[in-house]
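Listed here are the chains, written in short residue letters.
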Amino acid sequence: KPGFTFASGSCVVTHLNGTTTTFTFASAAGGNVTPVIPGDQKVDCTFTNRKLTGSVEWQKVDDSGTPQALAGSEWKIVGPAPSTTALAVVDCIGPNQPSDAACNTDTDQRAGYFKVESLHWGSYQLIETKAPAGHYPNPNAFAFTIDAEHLRVEVGSISNSRIAGPPL
């Protein structure tokens, strides 16, 4: 079923004499349940699937005519609704970043590019909590949903306006 993956499976064969034999499956491909003689035995099978988790991606850019990626923004992902849990997201910039903790949440190591994985199904909001240096924060909350049909969500480019310096 879309959005799910095989977790486990087993069949219990009940023989005419009342004894049982259990067969377990390590993959969705299953296997042979033998010996089963039609009409002589009962077979009960149980298969368990688990929901896949999803991911969200976005880019932080300036508002110029040819948008450039901006490093240094910070975010929170609130959800899934109706919960108010907030996940902090700091821009992970390459493998040599001083704080590896940022790269635990943002798995895209390019400055200004974000990818957050292992999100459970539900409705979320993406909110900027700190703008890159020299820019105003984006005041909008960006809604997205993780479900069977939307396991990989791309929010797209989110821009920030440059703070104008004082006239010289």
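Residues numbered from 1 in each chain as written. Predicted model: local features only at pLDDT ≥ 70, side-chain atom pairs only at ≥ 80, totals over all residues. Heavy atoms only, no water.

Peer 1: If you had to explain the state of the cysteines to someone new, which residues and values would you point to?
Peer 2: One pass over the structure, following the stated rule, counts two disulfides. Across a sulfur-sulfur distance of 2.0 Å, Cys 11 and Cys 45 are joined as a disulfide pair. Since a negative S-S torsion denotes a left-handed disulfide, the Cys 11-Cys 45 link at about 110 degrees is right-handed. Of this pair, Cys 11 sits in strand S1 (residues 4-14) while Cys 45 sits in strand S3 (residues 42-51); the two residues are 34 residues apart in sequence, bridging distant segments of the chain. Cysteine pairing for the protein chain (bonded cysteines numbered in sequence order): 1-2, 3-4. (Disulfide = S-S within 2.5 Å. Helix = DSSP H or I, 4+ residues; strand = E, 2+ residues; numbered from the N terminus.)

Peer 1: Help me get a handle on the nonpolar core, residues and values and all.
Peer 2: Nonpolar side chains in soluble globular proteins tend to be buried together. Counting residues in hydrophobic clusters, the biggest one holds 14 residues, and the most contacted among them are Val 56, Trp 58, Ile 77 and Phe 144. Looking at this core, the elements with two or more residues in it are strand S4 (54-62), strand S5 (74-78), strand S7 (113-119), strand S8 (122-130), strand S9 (141-146) and strand S10 (152-160). If sequence neighbours within four positions are ignored, Phe 144 has contacts with Val 56, Ile 77, Leu 119, Gly 122, Ser 123, Tyr 124, Gln 125, Leu 126 and Val 153. (Core = buried A, V, L, I, M, F, W, Y, C linked by side-chain atoms within 4.5 Å. Buried < 20%, exposed > 50% of the residue type's maximum accessible area, 1.4 Å probe, protein only. Contact = heavy atoms within 4.5 Å.)

Peer 1: Go over the packing of aromatic side chains, please, and point to the residues and values.
Peer 2: Under the definition given, this model contains six aromatic pairs. Residues Phe 4 and Trp 121 carry aromatic rings whose centres are separated by 5.3 Å and whose planes lie at 70 degrees to one another, so their mutual orientation is edge-to-face. With Phe 4 in strand S1 and Trp 121 in the loop between S7 and S8, this residue pair connects regions lying 117 residues apart in the sequence. Aromatic pair Tyr 124 and Phe 144: ring centres 5.2 Å apart, planes at 10 degrees, arrangement stacked. Taken together, the residues span a long stretch of sequence, with Tyr 124 in strand S8 and Phe 144 in strand S9 at a distance of 20 residues. (Phe/Tyr/Trp six-rings, centres within 6.5 Å; stacked < 30°, edge-to-face > 60°.)

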